[in-house]
Amino acid sequence: MASTVVVGSKEKLVFAVNGERVELSGVDPSTTLLEFLRLQTPYKGAKLACGEGGCGACVVLISKYDRQRKQVEDFAVSSCLTLLYSLDGCSITTTEGLGNCKDGFHSIHERFAGFHASQCGYCTPGMCMSLFSSLVNADKSSRPDPAPGFSKLTVSEAESAIAGNLCRCTGYRPIVDVCKSFAQDVDMEDLGLNSFWRKGEGADVKKLPMYIPNEICTFPDFLRCYSSGPPLVNTSTFENKISRKDQWFTPSSMVELTNIMESMTEKMELVAGNTSSGVFKRMRYFHHYIDLTHIPELLRIRRDDYGIEFGATVTISKVIDTLLGEEMVLGSERGLVFRKIANHLNKVASKYVRNTASLGGNLIMAQRKQFPSDIATVLLGVGSCIKLQTSTGQLTLSLEEFLEMPPCSCNMILVSVHIPICTQEKSINNGIIHRRNAKEPKLIFETYRAAPRPHGNAIAYLNAAFLVEVSNDKLSGDVVPERLRLVFGAYGTKHAVRATKVEEFLAGRILTPPALLEAIQLLQKIVVPEAGTPFPAYRSSLAASFLFAFLHPLVKGLEGPKWNIGSNRCCDGTNTDAPFCDFGTKCSNYSRSNNSQPELSMNLDNGRTSSTKSPYEHIERVNVMSGRQVMDIHNDCYAIGEPTKKVGAELQASGEAVYVDDIPSPKDCLYGAFVYSTKPLAHVTKIELSSSSASQGFVTLVSVKDIPKGGQNVGSQTLFGSEPLFADDITEFVGQPLGLVIAETQKNACIAAENASVYYDTANLEPPILTIEDAVLRSSFFHAPPFFVPQQIGCFSRGMSEADHTIHSAEVNIGSQYYFYMETQTALAIPDEDNCVVVYSSTQVPETCQVVVAKCLGIPEHNVRVISRRVGGGFGGKAFRSIPVATACALAAHRLRRPVRMYLDRKTDMTTVMGRHPMKVKYSVGFKEDGAITALHADILIDAGVSADVSPVIPLAVVEAMKKYNWQSLSFDFKICKTNSLSKSAMRGPGDVQGSFIAETVIEHVASELRMETHHVRKENLHTFASLKMFYGNSCGATPDYTLPVVLDKLIESSCFYSRAESVRQFNSCNRWRKRGLSILPITYGVMLRPTPGKVSILNDGSVVVEVGGIELGQGLWTKVKQMTAFALGNLLNDISKELLDRIRVIQADTLSLVQGGYTAGSTTSDSSCEAVRLACNVLVERLTPIMVKLQEGVEIVSWDALILQAHRQMVNLSASTYWVPHPASLKYLNYGAAASEVEVDLLTGSTTILRTDITYDCGLSLNPAVDLGQIEGAFVQGIGFFMMEKHVTDSDGLVLSNGTWTYKIPTVDTVPRQFNVEILSSGHHKNRVLSSKASGEPPLLLAASVHCAAREAIKAARSDMRTYSNSETPSVFFRMDTPATMDYIKELCGLDNVERYLQSVIANS
Ligand SMILES: Cc1cc2nc3c(=O)[nH]c(=O)nc-3n(C[C@H](O)[C@H](O)[C@H](O)COP(=O)(O)OP(=O)(O)OC[C@H]3O[C@@H](n4cnc5c(N)ncnc54)[C@H](O)[C@@H]3O)c2cc1C
Ligand code: FES
Ligand code: FES
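Predicted model, so just to flag it, every value in this text is computed and none were measured.

> Would you mind going over the overall build of the protein chain with me for this structure?
When helices and strands are counted, the protein chain shows 41 helices and 48 strands. Since a compact globule built from 1406 residues should have a radius of gyration of about 35 Å, the 32 Å found for the protein chain is in line with a globular shape. In terms of overall dimensions, the protein chain has C-alpha extents of about 100 × 85 × 80 Å along its principal axes. Looking at the protein chain as a whole, 66% of its 1406 residues are labelled buried. The long-range fraction of contacts in the protein chain, counting pairs at least 24 apart against all pairs at least 6 apart in sequence, stands at 77%. The averaged location of the 146 negative side-chain charges in the protein chain is 2 Å from the averaged location of its 137 positive side-chain charges.

Laid out in structure tokens, this is it:
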């Protein structure tokens, strides 16, 4: 039914998109801006990658006219959360609005391309818009004008511009360089590799694409008149009972609002920013929406003597700006509380969410739905009040009362929030503000949060706010807390709470270690997470840490700075280093200002003075990421070896690059969504769709019954077998597709699928196999064919007998990792004449996809055309896991004779697609006194999930990577366990990552047992060439090819490893609550070249079109292929390669145009595709050479155009294809690299900061060093995710619980190395490799184990400290450290009770 929009007397919505007027009526009011942009405009730049406000792929700029201030406000928003109807009168700018390929790109687009900051490109438009928004706002400020080409942005603001945006490819360093390149205070020499200048040529802003501030008009004039017009609502509209379907109300006063609400007969939704839809993932419709953002009372910001009253719909960003502005007025001392609140709020979500998220919306969520709010905690900490409108009138309540009352009903309106000023002259108690005189005690205020990402976009495990009045005891002069507000929240509690018992206990007490210990013990009984909350012990221990961090400087008898109220200084003379400040002192220099400068390396901070620093200081340090790139650029084979920018990077930035979901829907297109199983093993007796689905465009359910005669129920296949598309009678794992709901829109299909009821029966079925242990018990295994079984080396028992020491059956567990490609699985299938189907798929394996679709439909393969142009991130996940999506669409299209497309929502993607293989490992090792290992045996249990996929090759890969050290003898026993869980598949460095990690664990263990430096044990067990040959056979090539020793030596030197190791030791000896670790490790990674086709065609005008089997996933395959084509055709004419480069286009993969495309996997597809293309070019060169020679007889210089013209006239075949098959002797080669990482671990929270990483990686003669650098950095950061952050959690049935951006945390810009240096080593020529190049896609991921090992070093130091003060339960020297080492886990290893133990030791020794 058509919807009606009641916008006063106006029946339509008016806004602008990229300067063009849009008028709409009759749109479903639940439509988001992103849906509108993607479905109803040509602008596809904004991408849907999460739909939760958690990734930034959908960011656009909104510009709004502020009627009161008569000025335009510009701000970034997540368009996936913004409702279209809230944008009446607004202007929307997408990345396309900045520039495009026809009219010229914007300097942001060009700098993204030139700094090599876009790989798959799926995140790039969102990144561009986040940056653009920051530039627009900085340039509006009153700061002095910058030099031409720069903005008014500062370097640190530039980095935080993209703080909440996720990128899975680049590792962020080049993106940060793009952002910094606009900053007025940037050191140009500090910018990384780019295509604007070469190293040594002089970095200069004039060489960059010119940035012109205010060049883009974000708010067209016609909207100015519209937006400054009369109020939008005519109250008379609401006199009658409202029951029309689908309405959007924009009341402009509280009276109108009340009228509308009273008239409402159906359920309605009040909306401010609508960001809660990202939190609670609304999957149901509301028909009536009431927009609260036009009511002056709710928008008002009012200052009074006692503080500031914020209307409930004031956005969090505006609250932050206002508080910071007020701090400027009050001065840094009196305004400190405001600044601290603002700084805490700055870590709520990300900027593009805070720009629309309201203060009131947050508090309502906290009050009504137990949302783990930061705002509730912080505002409760300062004793805020709220105003609530109920059916009986307005109430003023303290925030505490508000939180404690029963959940607000939907007709209660939060009107405003009052934040008290809390200065020296005024204090608050129970929401009542008291005037104080200057002689009274002083206030101390601090807030805390511990979250997986330090700068936001992650919900806290625990947050806290402490406000305390302190005075000096009249007798002793000691500091005594008087009134306290100790608030804790987000730990799995109904709402933020005051720890009143602790407050009472501490009030009036001289703080001594026993008193603090008792307070902490009391607190542990209060901060108790509700049953079912993850990490309960960790959260409780954080509470102890925070209280300790806060009170520590007040406690008599504890080391560290002391607080002396009388002098306003710490007793040791410092007054700036405490985690708190009163209003009589200068604020602390580690306040949460984004402008504070980095403490980059240990060379700068050897810790000598650190003992006086606060235990909590480092959390506040913000520094800007930087990096150094070192490489040789060899151009003797132009265009090979050139660091040319990535093909299509500008298009990716400007949003014009077309991904599968950007292809416009063909006429009559339908949409699919999987209904998947929630039982691990059961008969599926019935699937029932909810009755409401019928009215919402539901078409049908496609299931196994729809597979045509002659077809098979197949959804994917590998060398090792196939797997079904849909469960047939019995479902075998949670997440298994049971059917495909088909509906008129994607949204309706998803809602219908989500609401489907599936009936199961487990009668007569064995219990499912849900764990590796179950599989072993029931002998449920997959078996690898002999060719894939790794070979043992040497004799283990002899090796053990030769050992001086042995370790037996030690264990380590390795977790899984989800791909988190930014573009989820997607396909579009279009039925064609004569039983054919064209499938557009985001796939790395189009050929296999074609085979499977043909099998499923029972048609010949030549009836199936699979087209893949570009993939928005693959990492292995778009290989065999992409096929079920493409096949399901093809089946539905085949059956319904209509186009069918599907774009998995993030939750479905995460629930139905799994990545890396988790493993349980037991190892026994023998070693000599000097650290030389004599024997290693490993029993490795691999969870393969329900189908074989590529699991049978995983053992081989594990062993390949383990062999990087000379174990003398190596044996193993693998069990590839078949379980009733999602099938694991290949993910970047499959098996090798785990193997390399197992090797490092063994080395660490041996070093610990011998109490030796780990680095020494690593060196001791490095291969000689002879032992390498014994372990790897011919794939290690000749002696000079073994470059690992050189790589390591270079890295030791360039990273100043030894001097920094000494600095780390010094630092650790001076710091109790922060420990640093430094680790250096090597990798060896075998890759295999595979047969690949290539086709090169020269068209009439001399332009060249190239087809390859490989798919462009962001890894730069097209770029390298283009370079190779230019180089190879350049053999015809001297100096033509440069000119040719711009005339070559690599086009999409099409399985009917180029057959035998194979897989894009294993790091070698770019090289193989290049080689195939080189051979094809050689054929053309051979055909063209006689014509060339002939032409040269007539003229001195023959142009390419003349040559091609003549070739056409002579009817030369100008298309050549080849199928390159590598020579068996050169199928395999080894890659080498090494990394040194230094981390700092916070022993109070378990968080790890990666201070610096140095990588040296041998790329052979790189085909394109810029592309390879991107691969190295990107892979390393993905590895950080695997080793340190990404915890893949399922319930006991195997249902994935980490199923979105809220629960699965990939690295962000604030979690990657602060200093990230990469050296690409050119190790020279090698005949067995494609133009001597080496692979870079996967191996560097393994190097991220250096971060894990460095964290272990830091923890080791912590545990060693603990041994000195803790007599009981002395931690052993070695400790098991699994992956991922998330902050809760690290804290556990450091001791969840480390604070208590420390206090106990102080008490015992006093
Ligand atoms: C990705 C992401 C990360 C986040 N991270 C954090 C975080 O780290 N810490 C944190 O504290 N918060 C976090 N949030 C929550 C965020 O602060 C809230 O979503 C936001 O403040 C809600 O404001 P809104 O205007 O969008 O509310 P809406 O979504 O518009 O409304 C929220 C709810 O409140 C009701 N409502 C809104 N205003 C009123 C009113 N005035 N009176 C009565 N009812 C009302 C609505 O009906 C709705 O039920 C995050 C959110 C997202 C999307
Ligand atoms: S898609 Fe909107 S933030 Fe991820
Ligand atoms: S380039 Fe950022 S996600 Fe691929």
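This is not the end of the story, as more comes after the structure.
> Help me understand the sheet that holds strand E46 (residues 1228–1242), please; the structure alone is not making it clear to me.
Pairing is mixed across the open sheet formed by five strands, whose spatial order is E22-E48-E47-E46-E40. On the outer flanks of this sheet lie strand E22 (626–631) and strand E40 (1074–1088), each paired with one strand and no other. Between one strand axis and the next, the sheet turns through 10° on average, direction left out of account. Strands in contact with helix H39 (residues 1345–1365) are E40, E46 and strand E47 (1248–1258); relative to E40, the strand with the most contacts, it is inclined by about 150°.

> Got a minute to help me understand the site of ligand 1 in this structure?
Ligand 1 sits among 37 residues. The nearest are Leu-270, Thr-275, Ser-276, Ser-358 and Asp-374. One of the backbone nitrogen or oxygen atoms of Gly-273 is found 2.7 Å away from an oxygen atom of ligand 1. The contact in question runs from an oxygen atom of ligand 1 to an N or O atom on the side chain of Asn-362, over 2.9 Å. Look at ligand 1: alone it shows 970 Å² of surface, and the protein chains cover 98% of it. Only strand E7 (268–271), helix H8 (276–280), helix H13 (359–369), helix H14 (374–381) and strand E13 (413–420) provide two or more residues apiece to the shell around ligand 1. With five residues, the top contributor of residues to the shell around ligand 1 is H13. Along the lines of polarity and charge, the residues of the shell around ligand 1 split into 22 nonpolar, ten polar and five charged.

> Looking at this model, I keep getting lost on the confidence of the model for the protein chain. Mind explaining?
Detail in the predicted coordinates should be disregarded across regions flagged by low pLDDT. Residues at a pLDDT of 70 or more form 91% of the protein chain, whose mean pLDDT is 90. This model gives residues 230–243 a pLDDT under 50, and the stretch forms 38 contacts once residues within four places in sequence are excluded. In the model, residues 566–622 has pLDDT below 50 throughout and makes 175 contacts with residues more than four positions away in sequence or in other chains.

> What's the story with the environment of Val-1046 in this structure? I'm lost.
With respect to the secondary-structure elements, Val-1046 resides in helix H31 (residues 1044–1054). It is 38 Å that separates the C-alpha atoms of Val-1046 and Ser-160, two residues lying 886 residues apart in sequence.

> Before we go on, may I ask you to explain the pattern of salt bridges in this structure?
Note that side chains of opposite charge can pair when their charged atoms are close. Counted according to the given criterion, the structure contains 73 salt bridges. A salt bridge links Lys-963 to Glu-960; its shortest N-O distance comes to 3.1 Å. Given a relative accessible area of 11%, Glu-960 falls into the buried group. Between Glu-960 and Lys-1228 there is a salt bridge, and its shortest N-O distance comes to 3.7 Å. Taken together, the positions of Glu-960 in helix H27 (residues 954–962) and Lys-1228 in strand E46 put the pair 268 residues apart, joining distant regions of the chain. Given the relative accessible area of 33%, Lys-1228 is considered partly exposed. By sharing partners, the salt bridges in this structure join Arg-173, Asp-177, Lys-180, Asp-190 and Glu-1273 into a single network.

> Would you explain the nonpolar core in this entry?
A general trend in soluble globular proteins is that nonpolar side chains are found buried together. Among the nonpolar cores identified, the biggest contains 314 residues, and Phe-402, Phe-488, Trp-967 and Trp-1200 are the most heavily contacted of them. Looking at which element gives the most residues to this core, the answer is helix H37 (residues 1265–1285), with eleven residues. Ignoring any residue separated from it by four or fewer positions in sequence, one finds Trp-1200 in contact with Ile-1098, Gly-1102, Val-1104, Leu-1129, Leu-1132, Leu-1133, Ile-1136, Glu-1139, Leu-1140 and Arg-1143. Membership of the second largest hydrophobic core comes to 41 residues, among which are Ile-707, Val-714, Val-852 and Leu-904.

> Just checking my understanding: could you explain the packing of helix H24 (residues 846–857) against helix H25 (residues 883–896) for this structure?
Closest axis-to-axis distance for the H24/H25 pair is 9 Å, and the angle between their directions is 40°. Classified by the angle their axes make, H24 and H25 are oblique. By crossing handedness, the relation of H24 to H25 is classed as right-handed. Between H24 and H25, the contacting residues are Thr-848, Cys-849, Val-852, Val-853, Cys-856 and Leu-857 on the first element and Ile-883, Ala-886, Thr-887, Ala-890, Leu-891 and His-894 on the second. When the residues that make up the contact of H24 with H25 are grouped by side-chain class, the tally is nine nonpolar, three polar and no charged.

> Got a minute to help me understand unusual backbone geometry in this structure?
Backbone geometry follows two general trends: most residues other than glycine have a negative phi, and most peptide bonds adopt the trans configuration. The omega torsion of the bond from Tyr-638 to Ala-639 falls at 5°, within 30 degrees of zero and hence cis. Relative to the elements of secondary structure, Ala-639 occurs in the loop between E22 and helix H19 (649–653). Residue Pro-1380 is bonded to the preceding Thr-1379 through a cis peptide linkage, with omega at -5°. Tracing the sequence through the fold places Pro-1380 in the loop between H39 and helix H40 (1383–1390). With a phi angle near 50°, Lys-70 is a residue other than glycine that sits in the positive phi range. The residue Lys-70 is located in the loop between strand E3 (59–66) and strand E4 (71–78) in this model. Its identity as a non-glycine residue notwithstanding, Asp-729 has a phi of 70°, on the positive side. Note on placement: Asp-729 falls in the loop between strand E27 (721–723) and strand E28 (730–731). Taking relative accessible area as the criterion, Asp-729 reaches 42% and is therefore assigned partly exposed.

> Can you help me understand the sheet that holds strand E35 (residues 864–868) in this one?
Across a sheet, strands are paired by hydrogen bonds formed along the backbone, either parallel or antiparallel in direction. Across the sheet, eight strands lie side by side as E25-E29-E23-E36-E33-E34-E35-E44; this open sheet has mixed pairing. Looking at strand neighbours, the two that pair on one side only are strand E25 (698–702) and strand E44 (1149–1150), the edges of this open sheet. Packing of H24 onto the sheet brings it into contact with strand E34 (836–841), E35 and E44, and relative to E35 it is tilted by some 145°.

> Could you clarify how one ought to interpret helix H35 (residues 1165–1194) in this entry?
Each α-helix turn comprises 3.6 residues. Residues three or four places apart therefore point the same way. With 30 residues, H35 extends 42 Å between its outermost C-alpha atoms, agreeing within 8% with the 44 Å of an ideal straight helix rising 1.5 Å per residue. Approximately 40° is the largest bend angle found in H35, and it occurs at Leu-1184, with the proline Pro-1186 only one to four residues beyond.

> Looking at this structure, I do not really get the state of the cysteines. What am I missing?
Between two cysteines, a covalent bond joining their sulfur atoms is known as a disulfide. Taken as a whole and judged by the stated rule, the model has zero disulfides. Looking at Cys-90, it has no disulfide partner, and the nearest cysteine sulfur is the one in Cys-217, 14 Å off. Judged by its relative accessible area of 2%, Cys-90 is buried. A disulfide-free cysteine, Cys-750 has its sulfur positioned 12 Å from the sulfur of Cys-889, the nearest such atom. Assessed through its relative accessible area of 12%, Cys-750 is described here as buried.

> Which parts of the structure should I look at to understand the packing of H35 against helix H36 (residues 1200–1209)?
At a minimum axis separation of 10 Å, H35 and H36 run at an interaxial angle of 115°. Crossing of H35 against H36: the hand is right-handed. Contacts between H35 and H36 involve Leu-1184, Ile-1187, Met-1188 and Leu-1191 on the former and, on the latter, Ala-1202, Leu-1203, Ile-1204, Gln-1206 and Ala-1207. Class assignment of the residues belonging to the contact of H35 with H36 gives a composition of eight nonpolar, one polar and no charged.

Reading guide: rules and limits
- Residues numbered from 1 in each chain as written.
- Chains lettered and ligands numbered in written order.
- Predicted model: local features only at pLDDT ≥ 70, side-chain atom pairs only at ≥ 80, totals over all residues.
- Heavy atoms only, no water.
- Helix = DSSP H or I, 4+ residues; strand = E, 2+ residues; numbered from the N terminus.
- Rg over C-alpha atoms; globule rule 2.2 N^0.38 Å.
- Buried < 20%, exposed > 50% of the residue type's maximum accessible area, 1.4 Å probe, protein only.
- Contact = heavy atoms within 4.5 Å.
- Lys, Arg positive; Asp, Glu negative; His and termini not counted.
- Charge placed at Lys NZ, Arg CZ, Asp CG, Glu CD.
- Pairing = 2+ DSSP bridges.
- Axes fitted to C-alpha atoms, helices over the stretch in contact; angles between N-to-C directions.
- Near = heavy atom within 4 Å.
- Polar contact = N/O pair within 3.5 Å; in protein donor to acceptor, adjacent residues only side chain to side chain.
- Areas by Shrake-Rupley, 256 points an atom, 1.4 Å probe, with all protein chains shown as cover.
- Nonpolar A, V, L, I, M, F, W, Y, C, P; charged D, E, K, R; others polar.
- pLDDT = per-residue confidence, 0-100.
- Salt bridge = Lys/Arg side-chain N within 4 Å of Asp/Glu carboxyl O.
- Core = buried A, V, L, I, M, F, W, Y, C linked by side-chain atoms within 4.5 Å.
- Parallel < 35°, antiparallel > 145°, perpendicular 65-115°, else oblique.
- Left-handed = near helix turned anticlockwise from the far one by under 90°.
- Expected span 1.5 Å × (residues − 1).
- Bend = angle between axes of the 7 residues up to and from the residue.
- Disulfide = S-S within 2.5 Å.

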